[in-house]
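Residues per chain are reported as follows:
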Amino acid sequence: ADFYSMDLLRASDAGSEASEQMRELYDQLNITLLPHVEVYLGSTRLEALVLPPSRVGFLNGVLDRAKTQARAVQEKARSLQLAIRRTAKRRLARQRVLLALRVNRRQQRLVQRECMRERRRWHLVRLFVRNPERKKAERRRTLLALQDSKTRLNE
């Protein structure tokens, strides 16, 4: 905890301008009695009170409440950080799953392409390698057709 204090300046202490500024400040803050104590948590004012020496115990209670509120704020910040971490872990896990699916799809496409290549290759093998008689028959038909056309031209 940090403690700050302000002292009321009087005209005889520091001149009239400084005392006027202090009076304006006290009027803005609605301070009528001194010593006036304000307790802040960050930029939030928790308590403002007049504190004569007989009310020091009351100040301890105010400070305890301020500590409790500070702990609550810290706990809330921790829970938010944990929630952010959990969300980040979930996103990371989801990204990993999506990446694995993309890799799997890519591998499936590669396998499908390889399968199509094999089918084409086997089709060509069946056409030209396994059926040499078919190839010979095609050649004979073409030769016969050429011979027929020559004989017709000659006649």
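Definitions and cut-offs
- Residues numbered from 1 in each chain as written.
- Predicted model: local features only at pLDDT ≥ 70, side-chain atom pairs only at ≥ 80, totals over all residues.
- Heavy atoms only, no water.
- Pairing = 2+ DSSP bridges.
- Helix = DSSP H or I, 4+ residues; strand = E, 2+ residues; numbered from the N terminus.
- Core = buried A, V, L, I, M, F, W, Y, C linked by side-chain atoms within 4.5 Å.
- Buried < 20%, exposed > 50% of the residue type's maximum accessible area, 1.4 Å probe, protein only.
- Contact = heavy atoms within 4.5 Å.
- Salt bridge = Lys/Arg side-chain N within 4 Å of Asp/Glu carboxyl O.

Sheet topology note: the strand β1 (residues 36-41)/strand β2 (residues 44-50) ladder contains six bridges and is antiparallel. For H36, the partnering residue across the bridge sits in β2 and is V50. What sits between the antiparallel neighbours β1 and β2 is a turn of two residues, in which G42 has the positive phi angle 70°.

One finds V39, L49, L51, L59, V62 and A66 forming the largest nonpolar core, which totals six residues. It is helix α3 (residues 56-128) that provides the largest number of residues to this core, a total of three residues. With residues up to four places along the chain from it excluded, the contact list for A66 reads V39 and L46.

Before going further, it helps to examine the pattern of salt bridges. Evaluation of the coordinates by the stated rule reveals three salt bridges. The shortest N-O distance in the salt bridge between E114 and R117 comes to 3.2 Å. Taken together, the residues span about one helical turn, with E114 and R117 both in helix α3 at a distance of three residues. When its relative accessible area of 39% is taken as the criterion, E114 is described as partly exposed.

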